[in-house]
Amino acid sequence: MKYLILDTETTGLHHQKDKAFAVSYCLRRSVSGIDLSEAPIFFLDFREESSQISNIELITRIIDQADLLIGHNLKFDLHQLIQAGVPWEVMKDKKFHCTQIAEACLNEHQKSYSLDSLGHFYFNLPKIDIVSQIRDSFGKRMSKSKAMGMISEMPVPWVEKYCNRDVRITELLYKKQRDVIKDQPIFDLEMRVLPNLLEIERRGVVVDLEALEAAKAEYDTKIAELENKVEVNVSS
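Residues numbered from 1 in each chain as written. Predicted model: local features only at pLDDT ≥ 70, side-chain atom pairs only at ≥ 80, totals over all residues. Heavy atoms only, no water.

Draft legend 1. The arrangement of the overall build of the protein in detail. Each helix and strand in the protein was counted, giving 10 helices and six strands. Oriented by its inertia axes, the alpha-carbon framework of the protein measures out at about 65 × 50 × 35 Å. The burial tally for the protein puts 38% of its 236 residues in the buried class. Here the protein has roughly 13,600 Å² of accessible surface; of this, 53% comes from carbon and sulfur atoms. (Helix = DSSP H or I, 4+ residues; strand = E, 2+ residues; numbered from the N terminus. Buried < 20%, exposed > 50% of the residue type's maximum accessible area, 1.4 Å probe, protein only. Areas by Shrake-Rupley, 256 points an atom, 1.4 Å probe, with all protein chains shown as cover.)

The structure is reproduced here in structure tokens:
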């Protein structure tokens, strides 16, 4: 089996307005859960017009080779790759492993499921502090969200180092999770519905407005009847 660990850097957080401007990835081969080789982490930048199309075509071919796609908050990365120009048809029939969802299934009491927090907690390996680099480069204080909104303006070496570290932490999480997650059927369900949720988020769902209004009227009446019986305002 070939599995692909990936992480995108994006122009923002909106899944239909923003897009990936860079991706780091690592393609591995395994048999029965045993990794056959150690492959390096590669970085592709989509910002230069001269290489944008070729790099998007390259990551598309790499994705096409993989049986399993792995990422932390994977659905977000898939959205952003689609926005950048990677065809959904190449990705939609793959197997998926989101390390963020897997961690939530395995440890519901974890304080945070962020990649930075889990990297600290399990491996003493935090994310690269690119926020401080961005603040220093502009010579002023700014919120984390504002700083991250400027990441697409940062030099290639900064973004590459930051993105590659994310792939490394994600890989360590996957290797920690892959055997024990087999005992969590809810995770299998989560991964099987992930592509369906992504498609719903991209195109929306058909809603019968007349039926919705009729249902609202019906349930408003039932709620009012229950409020009168128990003498409680359920909206309070």
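Draft legend 2. How the structure looks around the layout of surface pockets. Approximately 820 Å³ is the volume found for the largest pocket. What lines the largest pocket is a set of 27 residues, and nearest its centre among them are Leu13, Lys127, Met148, Tyr162 and Asp166. Elements with a minimum of two residues in the lining of the largest pocket: β1 (2–10), α2 (74–84), α5 (115–123), α6 (130–138), α7 (144–148) and α8 (156–177). Taken together, the residues of the lining of the largest pocket break down into nine nonpolar, 10 polar and eight charged. (1 Å grid on protein atoms, 1.4 Å probe; cavity = no way out; pocket = protein on both sides within 12 Å on 5 of 7 lines; lining within 4 Å. Points joined across faces, edges and corners; volume = space filled by probe spheres on them. Nonpolar A, V, L, I, M, F, W, Y, C, P; charged D, E, K, R; others polar.)

Draft legend 3. Seen up close, unusual backbone geometry. In the Ramachandran plot, Asn73 falls in the positive-phi region, its phi being about 65 degrees despite a non-glycine side chain. Here Asn73 lies in the loop between β5 (68–71) and α2. For Asn73, a relative accessible area of 34% gives the class partly exposed. A positive phi angle is found at Asn124, which is not glycine, with a value near 55 degrees. Turning to its location among the elements, Asn124 is positioned in the loop between α5 and α6. The class for Asn124 is exposed, based on a relative accessible area of 63%.

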